Amino acid sequence: MSTLFTTPFDRYSTASEVIEGADLSGKRAVVTGANSGIGIETARALATNGADVTLAVRRPDAGEQVAAELRKATGNDAINVAPLDVADLESVRAFTSAWQGPLHILINNAGIMMPPELERGISGHEQQFATNYLGHFALSLGLHRALADANGARLVSVSSSGHLFSPVVFDDINFRFRPYDALAAYGQSKTAEVLLAVEAQRRWASDGITANALHPGAIATNLQRHTGGLRTPEPYRKTVEQGAATSVFLAASPLLERVGGRYFEDVNEAPVVDVRPTQPGTPGVARYALDPANAERLWEMASDIVR
């Protein structure tokens, strides 16, 4: 791995600060899961800087309320809502089929976290893997031509430090043999989201597409509804404005031109680690999450599933 990519920003930087002065006029962005949490703040920052933003959401009625608030707050009327359930391949296909023209920014932000009981989604796959990874893989694949047509698109994969709790266990992704473990399943899905960016960068860089993954930080949102709320100690938590910063930076900062296939947290590239850090707030990305062989294997497997 080359030298770590560093920036003038840190864990306290906000989404608006990391792209201050950037002109996104004429740029089109899609943010999945943009009707709550950091998705709203991500959309807000992009729209404030002039982007045409589509909120791709499971509940369009809730999305319309968010869009109305964002139009008023940003003065940007080009904030639209489109139905998208990444847990449903038919919904993903409907979204990608309806999309017309280039797409400059795709932020795969939607997700679920640690349902207590084993649930199955797309093609019988464990629900977190199906929703967090497979749905976003199908979406990215379906929008590949639109991203290529943008001549400099960014693909952003919202992962988590949770990836440090499990690699992708290729021999038993779906807990057919292992007892279901909510945290391991979540970790596996978040590792898969990093690998999505790694392989997209390798395959699509020649199309002008830059792909990266990130950990947004510990932010209290409805993502933790199955876990009894956020358990990270107070000093290591972020506001939603801080939590959206790394996503927005990867999506729109001119500093990141053609820098891809990496994992960021606190608006800087994270160091590779071979042991899971035990101290909260310690940065790090597992070597297995950046492994090119893992990334290619997962891509081929997912391609067969979503086809």
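Look above for the structure.
Residues numbered from 1 in each chain as written. Predicted model: local features only at pLDDT ≥ 70, side-chain atom pairs only at ≥ 80, totals over all residues. Heavy atoms only, no water.

## A look at the environment of A244
And then number 1: Here A244 lies in the loop between α8 (240–243) and α9 (245–252).
And then number 2: Every residue in contact with A244, bar those within four places of it in the chain, is listed here: A15, I38, E41 and T42. (Helix = DSSP H or I, 4+ residues; strand = E, 2+ residues; numbered from the N terminus. Contact = heavy atoms within 4.5 Å.)

## Topic: helix α4 (residues 89–98)
And then number 1: For α4, every residue scored as buried is listed here: L89, S91, V92, F95 and T96. Along the long axis of α4, the arc covered by the buried residues comes to 160°, so they all point the same way. Away from its buried face by more than 90 degrees, α4 exposes E90, S97 and A98.
And then number 2: Elements in contact with the buried residues of α4: β1 (28–32), β2 (52–57), β3 (79–83), α5 (127–142) and α11 (292–306).
And then number 3: Capping the start of α4 is the job of one residue whose side-chain oxygen sits 3.0 Å from the backbone nitrogen of E90: D88. (Buried < 20%, exposed > 50% of the residue type's maximum accessible area, 1.4 Å probe, protein only. Arc of directions from axis to C-beta. Polar contact = N/O pair within 3.5 Å; in protein donor to acceptor, adjacent residues only side chain to side chain.)

## Points about unusual backbone geometry
And then number 1: Of note in the backbone geometry, N151 takes a positive phi value of approximately 55° without being a glycine.
And then number 2: Note on placement: N151 falls in the loop between α6 (144–149) and β5 (154–158).
And then number 3: Note on N151: relative accessible area 66%, which makes it exposed.
And then number 4: Of note in the backbone geometry, F175 takes a positive phi value of approximately 55° without being a glycine.
And then number 5: Assignment of secondary structure puts F175 in the loop between β5 and α7 (182–204).

## So, the packing of α5 against α11
And then number 1: Here α5 crosses α11 at 85°, and the two axes come no closer than 10 Å. Between α5 and α11, the angle falls in the class roughly perpendicular. Packed against α5, whose contacting residues are F129, Y133, L134, F137, A138 and L141, the element α11 presents L298, W299, M301, A302, S303, I305 and V306 at the interface.
And then number 2: Looking at the contact of α5 with α11 residue by residue, the class counts come to 12 nonpolar, one polar and no charged. (Axes fitted to C-alpha atoms, helices over the stretch in contact; angles between N-to-C directions. Parallel < 35°, antiparallel > 145°, perpendicular 65-115°, else oblique. Nonpolar A, V, L, I, M, F, W, Y, C, P; charged D, E, K, R; others polar.)

## Remarks on α5
And then number 1: Look at α5: 21 Å from first C-alpha to last across 16 residues, which is about the 22 Å you get at 1.5 Å a residue.
And then number 2: The buried count for α5 comes to 14 of 16 residues, which makes it a mostly enclosed element.
And then number 3: N-capping of α5 is provided by E126, with a side-chain oxygen placed 2.9 Å from the backbone N of Q128. (Expected span 1.5 Å × (residues − 1).)

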